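Read off the chains here:
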Amino acid sequence: MENRTFNCSWGRMTRWITGGVFCLILFLIVLFSVTGFSDPDKTIGKSLACVVTVSVCLAVVVIPAFFAPLKYYMTSEKIGVSRLGRDIVIPLGDIENVQIAQSADFSGTLRVFGSGGLYGSIGLFWNKRMGSFRAYTTRNDSLVIIKMKVGKLIVLSPDDSEAFVQAFVSFREAK
């Protein structure tokens, strides 16, 4: 069976939050660059504070980008999440099932660790209905839940969730 690739475009919330963070960081960098480096009475401490602030602002934008999903792929052996950093690989043999998520599945979800908007919802989350789960999503609609045989849950957001589930079923049946 042929390998499949699934896009994961940004939803409206991800676009707004990421755009807002970029604008805020850009504003802070410009503000600290202009006020910190152009002051004729600047001291080493002031300059160092500006360099540190600009560096932290850049890190806030750059580091999370390495964890954001770029696309999903599926082969006869695995489901993968492509990222700038190391890909997430989920062996098909470890998966119990894949299903399309319902909006009620995510009611009352809390972020335990990760990003809840910048580049998507990425990291560890929890809610009463599902318990603890990992998410590598870029939108709040078109979600799929991968249930592992060991009970862990992983949530992805392929643009075409139905095609994603159908591809999983096809790969599983081909084995």
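Only a predicted model underlies this, so the values are computations on that prediction, with no experimental measurement involved. (Residues numbered from 1 in each chain as written. Predicted model: local features only at pLDDT ≥ 70, side-chain atom pairs only at ≥ 80, totals over all residues. Heavy atoms only, no water.)

A. Structural detail: the nonpolar core. In this structure, I79, I95, I146, L156 and F164 are the most contacted members of the largest nonpolar core, which totals 33 residues. In terms of residue count, the dominant contributor to this core is helix α3 (residues 161-174) (6 residues). Sequence-distant contacts of F164, that is, excluding residues within four places in its chain, are made with F6, Y72, M74, I79, V98, V144, L156 and P158. F106, A135, I145 and V155 belong to the second largest nonpolar core, which has 10 residues in total. (Core = buried A, V, L, I, M, F, W, Y, C linked by side-chain atoms within 4.5 Å. Buried < 20%, exposed > 50% of the residue type's maximum accessible area, 1.4 Å probe, protein only. Helix = DSSP H or I, 4+ residues; strand = E, 2+ residues; numbered from the N terminus. Contact = heavy atoms within 4.5 Å.)

B. Region of the structure containing the layout of surface pockets. The space that makes up the largest pocket amounts to roughly 320 Å³. Along the wall of the largest pocket there are 20 residues; nearest its centre are F106, T109, S121, N140 and L143. When contributions to the lining of the largest pocket are tallied by element, the ones reaching two or more residues are β6 (110-117), β7 (120-127) and β8 (131-137). Tallied by class, the residues present in the lining of the largest pocket amount to 9 nonpolar, 8 polar and 3 charged. When its volume is computed, the second largest pocket comes out at roughly 240 Å³. (1 Å grid on protein atoms, 1.4 Å probe; cavity = no way out; pocket = protein on both sides within 12 Å on 5 of 7 lines; lining within 4 Å. Points joined across faces, edges and corners; volume = space filled by probe spheres on them. Nonpolar A, V, L, I, M, F, W, Y, C, P; charged D, E, K, R; others polar.)

C. Representation of the sheet that holds strand β2 (residues 69-74). Here we have 4 strands laid out as an open sheet, ordered β1-β2-β3-β4, and antiparallel in their pairing. The sheet is open, and its two edges are formed by β1 (4-7) and β4 (88-91), each paired on a single side. Pairwise comparison of adjacent strand axes, ignoring direction, gives a mean angle of 20° for this sheet. Examined bridge by bridge, β2 and strand β3 (residues 78-83) share 5 bridges and lie antiparallel to one another. (Pairing = 2+ DSSP bridges. Axes fitted to C-alpha atoms, helices over the stretch in contact; angles between N-to-C directions.)

D. Representation of α3. Taking 1.5 Å per residue as the helical rise, α3 with its 14 residues ought to reach 20 Å, and the 20 Å between its terminal C-alpha atoms agrees with that figure. The complete set of buried residues in α3 reads S161, A163, F164, V165, A167, F168 and F171. Residues of α3 that are buried make contact with β1, β2, β3, β5 (95-100), β9 (144-148) and β10 (153-156). (Expected span 1.5 Å × (residues − 1).)

E. Up close: the pairing of β6. Alignment of β6 against β7, held across 7 bridges, turns out to be antiparallel. Across the sheet, the residue bridging to L110 is W126, located in β7.

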